[in-house]
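# What the coordinates show
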Amino acid sequence: MMPISSPATPIGRRELPLRLVLAACGRRRELTALMDSAAPALAAALELPLRPLDNPDAPIQCLEGLLTPPEAADAGWLAPLGLDPGLPLPSAGCWAEALGAWRQPCLLLLRGEELDTGRPAAATALLRQWGVPLLGLVQWGRPWCPSERRGDGLPWLGWLPRPDDSEDASRERDQEEGPGQLDARLGPLLRRRLARLDLG
């Protein structure tokens, strides 16, 4: 995981639960497969339950459902979005617009093979354009190259291995530059980032 310096939660300020939408870019069928694989692994690393989006073509309805407190008012969740946040919707608008309007914190998921494209920067710019509280980017699959990730200036959190990743193929590079694999430290890091956001 990449280091970040941030103040502790101020005394007397209630720690917000992690209620996160997980977004990625691409075609619907590709995103469904990606979320089916990656979302459970990320939810496990964050120790959060998955919350489904029942009707992804209606973002306002989905967000209303997500933000209605479940049984435990302080419960967190991770909700994988199976649509590209920039995709125009039949009812007008797009998910990025709705996420920004609702000030819904998000994580952005990128496949390892997308890192030789401009997609990480473009997707980050899209979310920021709409005012989405983006807590960071997560890489799905190897190889993880921390020096390159620091060099692109995006808020990377680290990476998660895919089930088909070869341990031997990237072990040498990982040992040279540090593993960066997401683990239980991710939750506290995201809570610190969340505490610094203005979600009003």
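This text gives an overview of the structure that appears in the document. (Residues numbered from 1 in each chain as written. Predicted model: local features only at pLDDT ≥ 70, side-chain atom pairs only at ≥ 80, totals over all residues. Heavy atoms only, no water.)

### Topic: the overall build of the chain
On a plain count of helices and strands, the chain comes out with seven helices and five strands. Taken from N to C terminus, the helices and strands of the chain fall in the order β-α-α-β-α-β-α-β-α-β-α-α. Taking all 200 residues of the chain together, 46% fall into the buried category. The contacts in the chain between residues at least 6 apart in sequence include a share of 74% that link residues at least 24 apart. In the form shown here, the chain has an accessible surface area of approximately 9,900 Å², with 53% of it arising from carbon and sulfur atoms. (Helix = DSSP H or I, 4+ residues; strand = E, 2+ residues; numbered from the N terminus. Buried < 20%, exposed > 50% of the residue type's maximum accessible area, 1.4 Å probe, protein only. Contact = heavy atoms within 4.5 Å. Areas by Shrake-Rupley, 256 points an atom, 1.4 Å probe, with all protein chains shown as cover.)

### Focus on the pairing of strand E1 (residues 19-23)
Buried residues dominate E1, accounting for five of its five residues. Burial of E1 is two-sided: the residues Arg19, Val21 and Ala23 facing one way and the residues Leu20 and Leu22 facing the other way are all buried. Bridging between E1 and strand E2 (residues 77-80) involves four bridges; their strand directions are parallel. Bridge pairing in E2 places Arg19 opposite Trp77. (Pairing = 2+ DSSP bridges.)

### Regarding the side chain of Gln104
Its place among the elements puts Gln104 in the loop between helix H3 (95-101) and strand E3 (106-111). The buried category is assigned to Gln104, whose relative accessible area is 2%. There is a polar contact of 2.7 Å between the side chain of Gln104 and the backbone oxygen of Arg19. Beyond its immediate stretch of four places on either side in the chain, Gln104 contacts Arg19, Leu20, Val21, Leu63, Leu67, Trp77, Leu99, Val132 and Pro133. (Polar contact = N/O pair within 3.5 Å; in protein donor to acceptor, adjacent residues only side chain to side chain.)

### A closer look at the sheet that holds E2
Pairing in this open sheet of five strands is parallel, and the strands run E2-E1-E3-E4-E5 from one edge to the other. In the strand order of this sheet, the two ends are held by E2 and strand E5 (156-160), each with one partner. Strand-to-strand twist in this sheet, taken as the mean axis angle between neighbours without regard to direction, amounts to 25°. With six bridges joining them, E3 and strand E4 (residues 134-140) adopt parallel strand pairing. What sits directly across from Leu107, in E4, is Gly136. Its contacts with the sheet put helix H1 (residues 28-46) on E1, E2, E3, E4 and E5, and the angle it makes with E3 is roughly 120°. (Axes fitted to C-alpha atoms, helices over the stretch in contact; angles between N-to-C directions.)

### Observations regarding the nonpolar core
Counting residues in each nonpolar core, the largest one holds 30 residues, and the members touching the most others are Val21, Trp95 and Leu108. Elements that contribute at least two residues to this core include exactly E1, helix H2 (59-67), E2, H3, E3, helix H4 (119-129), E4 and E5. Excluding residues that lie within four positions of it along the chain, Trp95 makes contacts with Leu53, Pro56, Pro59, Cys62, Leu63, Leu81, Leu83, Pro85 and Leu89. If you look at the next biggest cluster of nonpolar residues, it comprises 27 residues, including Ala45, Trp140, Leu160 and Leu194. (Core = buried A, V, L, I, M, F, W, Y, C linked by side-chain atoms within 4.5 Å.)

### A closer look at the packing of aromatic side chains
Think of a pair of aromatic rings as described by two things: how far the centres are apart, and how the planes are tilted against each other in angle. In this structure the tally under the stated criterion is one aromatic pair. Aromatic side chains Trp144 and Trp156 sit 6.2 Å apart centroid to centroid with 70° between the ring planes, which places their arrangement in the edge-to-face category. Within this pair, whereas Trp144 is found in the loop between E4 and helix H5 (146-151), its partner Trp156 is found in strand E5, the two being separated by twelve residues in sequence. The ring of Trp156 carries Arg149 above its face, with NZ or CZ at 5.4 Å from the centroid. (Phe/Tyr/Trp six-rings, centres within 6.5 Å; stacked < 30°, edge-to-face > 60°. Lys NZ or Arg CZ within 6 Å of the ring centre and 35° of its normal.)

### Overview of the pattern of salt bridges
Taken as a whole and assessed by the stated rule, the structure comprises six salt bridges. Between Asp152 and Arg149 there is a salt bridge whose closest N-O contact spans 3.4 Å. (Salt bridge = Lys/Arg side-chain N within 4 Å of Asp/Glu carboxyl O.)

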